[in-house]
Each structure stands twice: as structure tokens, then as C-alpha cells.
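# Examination of the molecular architecture
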Amino acid sequence: MNIARKDLLVKVFTVLLLTILTAALEVSVLSSLPVFGVTPTLLFFIVAAVAVFEGPTAGSLCGLLAGIFMDGLGAKTLCWYTVASVGTAFLIGVLSPLYFRRRIPTAMLWGAVFWLLIEFCRFFFSFYVFSEAEFAVVFTVILPQTLYSLVLSPIVIAPISHVHRKWAQEPGLFR
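So, here is what we can say about the structure in this document.

What counts and what doesn't
Residues numbered from 1 in each chain as written. Predicted model: local features only at pLDDT ≥ 70, side-chain atom pairs only at ≥ 80, totals over all residues. Heavy atoms only, no water. Core = buried A, V, L, I, M, F, W, Y, C linked by side-chain atoms within 4.5 Å. Buried < 20%, exposed > 50% of the residue type's maximum accessible area, 1.4 Å probe, protein only. Helix = DSSP H or I, 4+ residues; strand = E, 2+ residues; numbered from the N terminus. Expected span 1.5 Å × (residues − 1). Arc of directions from axis to C-beta. Axes fitted to C-alpha atoms, helices over the stretch in contact; angles between N-to-C directions. Parallel < 35°, antiparallel > 145°, perpendicular 65-115°, else oblique. Left-handed = near helix turned anticlockwise from the far one by under 90°. Contact = heavy atoms within 4.5 Å. Nonpolar A, V, L, I, M, F, W, Y, C, P; charged D, E, K, R; others polar. Patch = residues over 30% accessible without salt bridge, like charges linked within 9 Å, V, L, I, M, F, W, Y side chains within 5 Å. Areas by Shrake-Rupley, 256 points an atom, 1.4 Å probe, with all protein chains shown as cover. Salt bridge = Lys/Arg side-chain N within 4 Å of Asp/Glu carboxyl O.

## Observations regarding the nonpolar core
Core analysis: the largest hydrophobic core is formed by 36 residues, its most contacted members being F44, I46, M70, I92, V156, I157 and I160. Every element with two or more residues in this core is listed here: α1 (3–28), α2 (43–54), α3 (56–72), α4 (80–99), α5 (104–128), α6 (137–152) and α7 (154–167).

Dropping the structure here:
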């Protein structure tokens, strides 16, 4: 088997398996472990990690898969996470190499910033504008959820980083 094909298969299988396992864990285990009344959302951190380590195309494809899972897990807004994940994965994949190195903290930073932005926009346009919730929800739900997810995010980012480093086809100077 060609090394490029094997590289691609290993990366796709790892991300697919990690995404499915994370979605299952979010629904079963993590939903029963709330901290400050919120549960973490780790799927978007997988999207950010793939975008940082593999680029905008792979990140967008991972964003499509993770967005479908997030929308399927009970989002009130139809297709919001799918569209937002694909778009932000593309932005992360394009902007990240310009400003940062490919490291776990980089994926954590992009994941937290864009998750906070996505959740704020969803809250503002879905709930706040229609007077379904007070603005205090930003400080009592969105910020704690982002911080809780950020603390747990190395659990899902580290395997992607490891697979990227092990199967990278670029010279060691640029890793």
C-alpha cells in the first residue's frame, strides 16, 4: 500500500473513531457530570484540532461530521452547528498557519475562541433577540461551558496531534 494512502486512512480512521467516541461520551458519561450546571462540548475541539494540524479541507470535512453529530444530539437550531463548524474549521485551517505553530495549545485556543463565538451567536440570534432568555445566560452557561470544555479538550486534541506527528509527510523542521 502506498504510504500516502496509508497515511490518509490512518488519519481518517482516527478522526472518525474519535468523533464517534466523543459524541457517545458527551451523551452518556459527560452529560451526567455537570460542573457549575453545564456539561462540556468536546466535538468542536476535535474540529479545531483537525483544522490546525491537517488544514482547512480536512478541518471542514471533520466539521461537517461533527456538526451533524452536534445538531443530532439535540440542538434547538436546525443545521446551526453543521454550518458553523464547517465555516470555522475553514477559517481556523487558513488562519492558524499564518500566526501559530501546530501545537496542542494552538488547537485549544482556536477551539475555545470559536466555540465561544458560535455559542454567543446562537444564543443571541436564537434566544436573546426573541426574548426567550436573559443576557446573563452568557455568563452563567456559555462561559462556564467553554471553560469546562477547554479544560477537558487535551483529551481529544492529543490523539489527533499524535497521529499527525507520527504520520506527517513534511520535513521535521516544519513540525
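## Digging into α7
The α-helix winds at 3.6 residues per turn, so residues separated by three or four positions along the chain end up facing the same way. The end-to-end C-alpha distance of α7 is 19 Å, a good match for the 20 Å that 14 residues give at a rise of 1.5 Å each. Along α7, the positions that sit buried rather than exposed are V156, I157, I160, S161, V163, H164 and W167. Seen along its axis, α7 keeps its buried residues to an arc of 165°; they face one direction. Those residues of α7 that are exposed and angled more than 90 degrees off the buried face are I155, H162 and K166.

## Notes on the environment of A58
In this fold, A58 is placed in helix α3. Overall, A58 belongs to the partly exposed group, its relative accessible area being 29%. A C-alpha to C-alpha distance of 28 Å links A58 and V29, two positions 29 residues apart in sequence.

## Quick notes on the packing of α5 against α7
Where α5 contacts α7, the axes come no closer than 10 Å and their chain directions differ by 130°. By the angle class used here, α5 and α7 are oblique. The crossing of α5 and α7 is right-handed. Within the contact between the two elements, α5 uses I104, A107 and M108 and α7 uses P154, I157, A158 and S161. A per-class count over the contact of α5 with α7 returns six nonpolar, one polar and no charged.

## Some points on a nonpolar patch on the surface
A cluster of nonpolar side chains, contributed by L98, Y99, F100, L109 and V113, occupies part of the molecular surface with about 520 Å² of accessible area. Elements supplying a minimum of two residues to the nonpolar patch: α4 and α5. With respect to the element layout, V113 can be found in helix α5.

## Considering the packing of α2 against α4
Contact geometry for α2 and α4: axes closest at 8 Å, N-to-C directions at 35°. Of the two elements, α2 crosses α4, and the hand of that crossing is right-handed. Where α2 approaches α4, its residues F44, V47, A48, A51 and V52 are matched on the opposing element by S85, T88, A89, I92, G93 and S96. Class assignment of the residues belonging to the contact of α2 with α4 gives a composition of seven nonpolar, four polar and no charged.

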